[in-house]
Amino acid sequence: MSGAQPINPVVLVKSRDYLGVDRLAGTILQDGIFFYPLIFVNPSVSKTDFEPQATKLHNMVLDPKSDSDELIAQSMIVHGMLTLLCLYAKIICNHNVELIKKSGFPLNHQPVKAVPVKITGKVTVVKGKVAGTYQAKISKKSNKKAVEPDPATHQKGALYSVQLSTTPDDQNSWVTVCESKPSTKLIFLASAVTLGKRNWIRIYGVNSAGKGNPSDPTPFTPDIE
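Residues numbered from 1 in each chain as written. Predicted model: local features only at pLDDT ≥ 70, side-chain atom pairs only at ≥ 80, totals over all residues. Heavy atoms only, no water.

(A) Region of interest: the overall build of the chain. Helix and strand counts for the chain come out as four helices and eight strands. Helices (α) and strands (β) of the chain occur, in sequence order from the N terminus, as α-α-α-α-β-β-β-β-β-β-β-β. Taking all 225 residues of the chain together, 34% fall into the buried category. Restricting to contacts in the chain with at least 6 residues of sequence separation, those with at least 24 account for 64%. Counting only carbon and sulfur atoms, one obtains 54% of the accessible surface of the chain, whose full area is about 14300 Å². (Helix = DSSP H or I, 4+ residues; strand = E, 2+ residues; numbered from the N terminus. Buried < 20%, exposed > 50% of the residue type's maximum accessible area, 1.4 Å probe, protein only. Contact = heavy atoms within 4.5 Å. Areas by Shrake-Rupley, 256 points an atom, 1.4 Å probe, with all protein chains shown as cover.)

(B) Broad picture of the pattern of salt bridges. In the structure shown here, the tally under the stated rule is one salt bridge. The shortest N-O distance in the salt bridge between E98 and K101 comes to 4.0 Å. Linking E98 with K101, this pair stays in helix α4 (residues 97-103), spanning three residues, or about one helical turn. Given a relative accessible area of 49%, K101 falls into the partly exposed group. (Salt bridge = Lys/Arg side-chain N within 4 Å of Asp/Glu carboxyl O.)

(C) Region of the structure containing the sheet that holds strand β2 (residues 133-138). Judged by pairing direction, the sheet is antiparallel, and its three strands sit side by side in the order β1-β2-β5 without closing on themselves. In this open sheet, the two edge strands, each paired with only one partner strand, are β1 (123-127) and β5 (187-189). Between one strand axis and the next, the sheet turns through 30° on average, direction left out of account. Pairing between β2 and β5: three bridges, direction antiparallel. Pairing of T133 across the sheet is with L189, part of β5. (Pairing = 2+ DSSP bridges. Axes fitted to C-alpha atoms, helices over the stretch in contact; angles between N-to-C directions.)

(D) Region of the structure containing the state of the cysteines. The tally for this structure, following the rule as stated, stands at zero disulfides. Free of any disulfide, C93 has its nearest cysteine sulfur in C86, 8.8 Å distant. (Disulfide = S-S within 2.5 Å.)

(E) The arrangement of unusual backbone geometry in detail. Although it is not a glycine, H95 sits at a positive phi angle of roughly 70°. Secondary-structure assignment places H95 in the loop between α3 (68-93) and α4. Relative accessible area serves as the criterion here: at 39%, H95 is assigned to the partly exposed category.

(F) Representation of the environment of V177. Topologically, V177 is positioned in strand β4 (residues 175-181). On a C-alpha basis, the gap between V177 and V193 in space is 9.3 Å, while along the polypeptide they are 16 residues apart. Setting aside residues no more than four positions away along its own chain, V177 makes contact with V162, L164, F188 and A192.

(G) Looking closely at the packing of helix α1 (residues 18-31) against α3. α3 packs onto α1 with a crossing angle of 45° between their chain directions and a minimal axis gap of 9 Å. Taken together, the axes of α1 and α3 lie oblique to each other. Pair α1 / α3 crosses with left-handed handedness. Between α1 and α3, the contacting residues are Y18, V21, L24, A25 and I28 on the first element and L71, I72, S75, V78, H79, L82 and L85 on the second. (Parallel < 35°, antiparallel > 145°, perpendicular 65-115°, else oblique. Left-handed = near helix turned anticlockwise from the far one by under 90°.)

(H) Structural detail: the side chain of S161. Residue placement: S161 occurs in strand β3 (residues 159-165). Residue S161 is classed as buried on the basis of its relative accessible area of 2%. At 3.1 Å, the side chain of S161 and the backbone nitrogen of S180 are in polar contact. Filtering out sequence-adjacent residues up to four positions away, S161 remains in contact with C178, E179, S180, R202, I203 and Y204. (Polar contact = N/O pair within 3.5 Å; in protein donor to acceptor, adjacent residues only side chain to side chain.)

Here it is in structure tokens:
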């Protein structure tokens, strides 16, 4: 993605976190760099050097009598080796997600899978700036501190469509009057509404995950001069 941080392998665990270092070292040995010698041909730390140190740490972790200071000291040794291996993997993988996964190291960030758009804000209808038009608007969710944003309702690049009906319970009665527009451009002709009756509007969004569910039908009364 343009402007996004490149995807790279990272160590993540701290040098004094001997449990985390032990787990990562085990992954590197059993299902990572040393498991794919045809890909990672000449690692910066050889398996003959790494495996004894990783095994020593693992045995110390399993031994309830291990001294905590000695555990941390051994963890820092293995962590240093992991850091060198991670730098090597970064060069070999060159931002390739599949290769990074094979290295055994975690990614600095996970690509976010697109989810269908959810319309949760209030839908309203106002007169358009151009005579003979209406504009549909979707109010944004108010931002609250300490609340994580919902990725399904905070999407860039999604396009929206507007549908009208006078009998909202009849799914076949909905007519699309504005299609594949940004949320700020949901403008439709006044001739699309039905005079003398209550009209209903709903909006749905489309992104790479497909078509999202439409918003709840919202009534409005046409007011055309």
